Amino acid sequence: MTVLHIDSSILGDNAVSRELSAEVARREAARTGGEIVRRDLGAKPLPHLSGDDFLGRGAAPGERTPEQSRDAAVLDEFLAADVVVIGAPMYNFSIPSNLKAWIDRVAVAGKTFAYTEAGPVGLATGKKAVVISTRGGLYSEGPAAGMDHQESYLKTVLGFLGVTDVEFVRAERLSFGPEVRAQSVADARAEIDREARLAA
Ligand SMILES: Cc1cc2nc3c(=O)[nH]c(=O)nc-3n(C[C@H](O)[C@H](O)[C@H](O)COP(=O)(O)O)c2cc1C
């Protein structure tokens, strides 16, 4: 069993999503007896997908450029994971661009999805995903609810790849002052613990 632990916050150790994603990765490793594989996209971002990266995906293992080998490793890492834990802060109503660059590496026709006569089919089935969603504002309810292109996008793209078992752990209103922020983080932690107890 493998738990792929991904972070995408650019804020290093100050990131709420990084702290919470580590707790979830430990929880999932304990639940599954799996080992944690780490990919910190905030600390070590993948570049934007280039035309060469995209067109070179079919290269045979012995003929790959370093970039093609890197992208093949990112894809294999995702395919091998039983659980994928994703720390995903909201940036400008969507996800960090480094997380989008990762998605551009793992959404590969013939590997993680296929188009059939009946429409698209996800091929990366049998995985669980846990998304740690952090935001400065409030989007789960209220006037800004329609501006969330972060959780809705991740749910869509993971589902497109065949990952339909997606748990969201949310800490929002993080910019509403220290007390609200602390409460929001405490609530997210309690949610992580609650799921751990349910799984035990
Ligand atoms: C580049 C950038 C863009 C952001 N855009 C939004 C936004 O559109 N909406 C929002 O509510 N918060 C926004 N924030 C605030 C973050 O979502 C918030 O600070 C969150 O705590 C960051 O998560 P982290 O602590 O896990 O890094 C933005 C922060 C950064 C750095």
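Described below are features of the structure shown in this document.

## Regarding the site of the ligand
So, point 1. The full set close to the ligand counts 16 residues, and Ser9, Ser17, Met90, Asn92 and Gly137 are the nearest of them.
So, point 2. In this structure, Phe93 approaches the ligand through a main-chain N or O atom, which is 2.9 Å from an oxygen atom.
So, point 3. One of the side-chain nitrogen or oxygen atoms of Tyr139 is found 2.9 Å away from a nitrogen atom of the ligand.
So, point 4. Summarising the interface, the protein chains cover 78% of the accessible area of the ligand, which totals 630 Å² for the free molecule.
So, point 5. When its residues are assigned to classes, the shell around the ligand shows nine nonpolar, six polar and one charged.

## Quick word on the sheet that holds strand E1 (residues 2-7)
So, point 1. Here we have five strands laid out as an open sheet, ordered E2-E1-E3-E6-E7, and parallel in their pairing. Across the chains shown, the open sheet's two edge strands, defined by having one partner strand only, are strand E2 (35-40) and strand E7 (165-171). In this sheet, adjacent strand axes meet at a mean angle of 15 degrees when their direction is disregarded.
So, point 2. With five bridges joining them, E1 and strand E3 (residues 83-89) adopt parallel strand pairing. When the bridges of E3 are listed, Leu4 appears paired with Val84.

## Re the layout of surface pockets
So, point 1. In this structure, the largest pocket occupies an estimated 270 Å³ of space.
So, point 2. Lining the largest pocket are 15 residues, and of these Arg57, Arg64, Ala72, Leu75 and Lys111 lie nearest its centre.
So, point 3. No other element matches the six residues that helix H3 (residues 66-80) contributes to the lining of the largest pocket.
So, point 4. Of the residues assigned to the lining of the largest pocket, the class counts are five nonpolar, three polar and seven charged.
So, point 5. Taken as a whole, the second largest pocket encloses approximately 180 Å³ of empty space.
So, point 6. Lining the second largest pocket are 15 residues, with Leu11, Val16, Pro89, Thr134 and Leu174 positioned closest to its centre.

## As for the pattern of salt bridges
So, point 1. All told, the structure shown has 23 salt bridges when counted by the stated rule.
So, point 2. Note that Arg31 and Glu28 form a salt bridge whose closest N and O atoms lie 2.5 Å from each other. Residue Arg31 and its partner Glu28 are located together in helix H1 (residues 16-32), separated by three residues, close to a single helical turn.
So, point 3. Residue class for Glu28 comes out buried when judged on its relative accessible area of 0%.
So, point 4. Here the salt bridges do not stand alone but share partners, grouping Arg27, Glu28, Arg31, Lys128 and Glu167 into one network.

## Things to note about the packing of helix H4 (residues 97-106) against helix H5 (residues 151-160)
So, point 1. Contact geometry for H4 and H5: axes closest at 12 Å, N-to-C directions at 10 degrees. With respect to H5, the axis of H4 lies roughly parallel. Listed contacts from H5 to Leu99, Lys100 and Ile103 of H4 are Tyr153, Leu154 and Val157.

Parameters and conventions
- Each chain has its residues counted from 1, following the order in which its sequence is written.
- Reporting of local features is limited, given that this is a predicted model, to residues whose pLDDT is at least 70; pairs of side-chain atoms are given and counted only at 80 or more, and all residues count toward the totals for whole chains, interfaces and linings.
- Working from all heavy atoms in the structure, the side-chain values ignore hydrogens and water.
- For this purpose, a residue is taken to be near a molecule or strand whenever a single non-hydrogen atom of the residue falls within 4 Å of it.
- Pairs of N or O atoms are called polar contacts if they sit within 3.5 Å, as long as, within protein, a hydrogen donor faces a hydrogen acceptor (for residues adjacent in sequence, only side-chain-to-side-chain pairs).
- For the area figures, the Shrake-Rupley method with a 1.4 Å probe applies, and any residue is considered shielded solely by the protein chains shown.
- In this count, Pro and Cys sit with the nonpolar residues alongside Ala, Val, Leu, Ile, Met, Phe, Trp and Tyr, while Asp, Glu, Lys and Arg are called charged and the others, Gly among them, polar.
- For two strands to be treated as a pair, DSSP must find at least two bridges joining them.
- A run of DSSP states H or I qualifies as a helix once it reaches four residues; a run of E qualifies as a strand once it reaches two. Both are numbered from the N-terminal end.
- Axis lines are fitted through C-alpha atoms, for helices just across the contact stretch, and the angle between N-to-C directions can take any value from 0 to 180 degrees.
- Only protein atoms enter the 1 Å grid used here. Points where a 1.4 Å probe fits but cannot escape make up a cavity, open sets with protein on both sides within 12 Å along at least five of seven lines make up a pocket, and a residue lines them when an atom lies within 4 Å of a point.
- Grid points are joined across faces, edges and corners, and a volume is the space filled by probe spheres set on the points.
- Salt bridges are counted wherever a side-chain nitrogen of Lys or Arg sits within 4 Å of a carboxyl oxygen of Asp or Glu.
- Each residue gets one of three labels from its accessible area relative to the maximum for its type: buried under 20%, exposed over 50%, partly exposed in between, using a 1.4 Å probe on protein chains only.
- Just so you know how the angles are binned, under 35 degrees is roughly parallel, over 145 roughly antiparallel, 65 to 115 roughly perpendicular, and the rest oblique.
- Contacts were defined at the residue level, with two residues in contact if any of their heavy atoms lie within 4.5 Å.

Don't take any of this as a statement about function, it's just geometry.
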